[in-house]
Amino acid sequence: MKDLTFTTLIAVFEEIFGRGLFWAMVVAAVVITAAYLYVLVRDRSMSMRKFLLAQLSMPLGAIAAVLFVQLITNSGFSDIGGPIDLIVLLGVASLGAVGIAVLVYTLQSLIRSRTG
Amino acid sequence: MTQSAFAPSRRIFLGLAASGMAAAAWSGPVRAAPVKTSARVVIIGAGAGGTALVNRLIDRLDGASITIIDPSEKHLYQPGLSLVAAGLKPASYTESRTTDWLPGGITYINKAAAGIDPETRRVTTSGGQAVDYDFLVVAPGLVLDHDAIEGFSLDLVGSNGIGALYAGPEYAARTWQAASKYTEEGGVGIFTRPATEMKCAGAPLKHTFLIDDIARTAGNAGKTEIIYAANNQSLFGVPIVSEKVRMLFENRGITPAYSHVLKSIEPGSQRATFATPDGDTELEYDYLHVIPPQRAPDVIRQSGLSWADKWTDQGWVEVDRQTLRHLRYPEIFALGDVAGVPKGKTAASVKWQVPVVEDHLVAAIAGTEGTATYNGYTSCPLITRVGRAMLIEFDYQNNLTPSFPGIIAPMEELWISWLMKEVALKATYNAMLRGKA
C-alpha cells in the first residue's frame, strides 16, 4: 500500500460500510466503551458475577464474528491457506469475544443496580 | 460479592477519554498550501486515473481552470468484472455515475476527445468544441479491438459457449451465463489472452482458475478439460509468478498451450484458430473466453503522441517511465492504460501513478521541478479459487514488492488476500477516486 495513513484507513472504512453506518458504528463502539469505563469508575470494582456471565458469552461472540465475516464474503473455513489466515480468523474471533464481553458486562451493570 | 483488585479512579477514566479524543482529532499529514495559478489544465478521461487526479488537483491548485472530458456517463469499477463473470457479484457492482465522483469547481464535458493538437495546445471534442490548455493529462483508457478476432462479435457473448468479460458489466454478466453452463455440462474450455499489452494480465488467469474451481466445487471436475492459451512461452510477465502459476496449473490439471494467440473463431461449429510459431492450429471448444488485442484510442494514435518505435501497432503514449511526462511535449502527461510504459495497466498502478503526475504537474505550474517517481508498481490479487488469492505486487524490474513482507506471503494462496479483493479493494478504489488514497 502506498501512503497507508490513518486518514486513508478511515476513507477506506467509510467506503466499505458507507459513511453513515461507519461513523454510527464508531459512535456505538465509543459509547459502549465509555459506558463500560463509566460503570467501572462508578462501582469502583469489577463484579465477578457480572464478569462470569460476560465470560460465558465470549465464545458466542467469537463464533458470531467469524460467521458474520464468512457470511458477507464468499468464503469459509476451508479457505484458510496459511498462518496469517489463522491469525486473521483468531483476531476476528477475539474481537467478537471481547466486544460481546464488554457489552454484556456493561448492560448488566447499567440495568441492574450497583449491588451486583 | 467479590472485590476485585482493579478499582479505577475517576482520574484514569478521564485520562483515557482525553487520549481517545486526541487520537480522533489527529488527521494525518498536513498538505502544502495550494498553488495560486490561472493555468488551464485539461484531463482527457474520467476513469480511475482522470477522476483520482482531478480530485487531488482541486486541493492543490487555487484558481486553475480544470476541464475533464469523457464521453461515458457511467464509471466502471473494472477490477470487479472478474467477480461478475464468475457469478459472484451482479453487473451493477461495477457501475456508478461518472458525475458522482467529480468535484465541484471544474468543467465536465460529457463528450469524447476527437482531436489533440500538441503544437497549438488544443483539444477538440466530438461535439466540435475547442478547448485550449496549458497542461494536458491524457487518461482515456484503451480500446478493445474485438474486430481483430475474425468471426467474433459481441452479440455472441453469453451464448454459443462464448465469454468476453473485458467488454463491460453487461458482457461480464453474459460471460457468466455461458461459463456457468460450461461448469455444469463440461467439455473443453479454452481461456485466451491477446499478444498486445493488456489491462490486468492476471485477469485471464483469474477467470481460468475461477471457472475451474466452480466446476470442481459442483463436482464436475471430471467432465471439464481446461486449456489456457498463453500468448508466448510464459504464463505471466513476471518469471517467478509464471513459474508459480505453472505449478498451480499442473496441480489443478489445467493444460497450458504456449504461444497460442487467438486469431479467429467459427461460432457455429465451435472451433477456434490460433496463430502459433508452427503455423495456425485449430481447436474445438465448448467454452471459449475471448480477450481481444488492446490499443490506444484512435484520438491518441492520430495526435502524434504515441511512441514511434515501440508498440507501433498499439500506439501507447511516449512518456518517461519514471515521471509519466511526455518525452517531446513536457506540458503533457499520460496516466493509466494509455501510458506507454511496460506493465502498469491496473487500478493499483493508477493509484501509484496519480501522485507522481500530480507532483510534476503542480511543480511545473509553480515553476519548479517535481521529485516523485513511479517504479512500475502493479498489484494483482490473483484469485486461484473462490475464497483464496495470491497478493502479487511487482515493479518494472519484475521484482516482487510485497506491501506486507513477512506477513502476507505473495506467492501463497491465502484467504486474507481474497478478503482484500472482495471487501477492501473496491473501498480502496473508491477512496482513491475521491483523492483520499
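Chain B goes by FAD-dependent oxidoreductase in an unreviewed UniProt entry, where it is assigned to Hoeflea alexandrii.

The name recorded for chain A in an unreviewed UniProt entry is DUF5368 domain-containing protein, from Hoeflea alexandrii.

Peer 1: I tried to follow the pattern of salt bridges on my own but got confused; where do I start?
Peer 2: Side-chain pairing between opposite charges can occur once the charged atoms of the two side chains come close. Tallied over the entire structure, the rule returns 25 salt bridges over all chains. Arginine 42 of chain A is paired through a salt bridge with aspartate 43 of chain A; the nearest N and O atoms lie 2.9 Å apart. Note that glutamate 331 of chain B and arginine 121 of chain B form a salt bridge whose closest N and O atoms lie 3.5 Å from each other. You can see glutamate 331 of chain B sitting in the loop between helix 8 (298-301) and strand 22 (332-334) and its partner arginine 121 of chain B sitting in the loop between strand 8 (113-117) and strand 9 (122-125), a full 210 residues away along the chain. Glutamate 331 of chain B sits in the buried class, given a relative accessible area of 8%. Salt bridges here are not isolated pairs; linked through shared partners, they connect Arg56, Arg60 and Glu358 of chain B.

Peer 1: Would you take a moment to explain a nonpolar patch on the surface for this structure?
Peer 2: Residue and element names in this part refer to chain A. Together, Leu9, Phe13, Phe17, Leu21 and Met25 make up an exposed nonpolar region whose accessible area comes to about 420 Å². For the nonpolar patch, the elements supplying multiple residues, two or more each, are helix 1 (6-17) and helix 2 (19-43). With three residues, helix 1 is the single largest residue contributor to the nonpolar patch. Structurally, phenylalanine 17 is set in helix 1. Since its relative accessible area comes to 33%, phenylalanine 17 is described here as partly exposed.

Peer 1: Can you help me understand the side chain of asparagine 55 of chain B in this one?
Peer 2: Residues and elements named next belong to chain B. Note that asparagine 55 resides in helix 2 (residues 48-60). For asparagine 55, a relative accessible area of 10% puts it in the buried group. From its side chain, asparagine 55 meets the backbone oxygen of leucine 433 in a polar contact 2.6 Å long. Other than its neighbours up to four places away in sequence, asparagine 55 contacts Trp101, Leu102, Pro103, Leu433, Arg434 and Gly435.

Peer 1: Could you clarify how one ought to interpret the domain arrangement of chain B in this entry?
Peer 2: When the parts of a complex come together, some accessible area is lost, and that lost area is often taken as the interface size. Residues and elements named next belong to chain B. Domain parsing of chain B yields domain 1 (35-71 + 111-142 + 296-366) and domain 2 (146-293). Between domain 1 and domain 2, the C-alpha centre-to-centre distance is 33 Å. Listed by partner, the interface residues are nine residues for domain 1 and six residues for domain 2. Carbon and sulfur atoms supply 58% of the area that domain 1 and domain 2 bury against each other, a total of about 600 Å² over both sides. Considering only the surface of domain 1 that becomes buried against domain 2, Gln314, Lys343 and Lys345 emerge as the three largest contributors, covering 52% of it. Counting across the interface, domain 1 meets domain 2 through one salt bridge. Here lysine 199 ties to aspartate 337 by a salt bridge, and the two come within 2.2 Å at their closest N and O atoms.

About the criteria used
- What you see as residue numbers is a count from 1 along each chain, following the sequence as written.
- Each chain is given a letter, starting from A, and each ligand a number, starting from 1, according to the order in which they appear as written.
- This being a predicted model, a pLDDT of at least 70 is required before a residue's local features are given, and a value of 80 or more before pairs of side-chain atoms are given or counted; all residues contribute to the totals for chains, interfaces and linings.
- Only hydrogens and water are set aside when side-chain values are computed; all heavy atoms of the structure are taken into account.
- When a carboxyl oxygen of Asp or Glu lies within 4 Å of a side-chain nitrogen of Lys or Arg, that pair is called a salt bridge.
- Put simply, DSSP marks the helices as runs of H or I at least four residues long and the strands as runs of E at least two long, and each gets a number from the N terminus on.
- Buried means the residue's accessible area, taken with a 1.4 Å probe over protein chains only, is under 20% of the maximum for its type, while exposed means over 50%, and partly exposed covers the values in between.
- To count toward a patch, a residue needs a relative accessible area over 30% and no salt bridge; like charges are then connected within 9 Å, while nonpolar side chains (Val, Leu, Ile, Met, Phe, Trp, Tyr) are connected within 5 Å.
- Using the Shrake-Rupley algorithm and a 1.4 Å probe, accessible areas are obtained, with residue cover drawn only from the displayed protein chains.
- We define a polar contact as two N or O atoms separated by no more than 3.5 Å, with the added condition that, inside protein, one atom must be a possible hydrogen donor and the other a possible acceptor, whereas residues neighbouring each other in sequence contribute only through side-chain atom pairs.
- We call two residues in contact when some of their heavy atoms are within 4.5 Å.
- As annotated, the domain borders come from an automatic or database domain assignment.
- Here's the idea: put two parts together, see how much 1.4 Å probe accessible area each one loses, and the total over both is what we call buried area.

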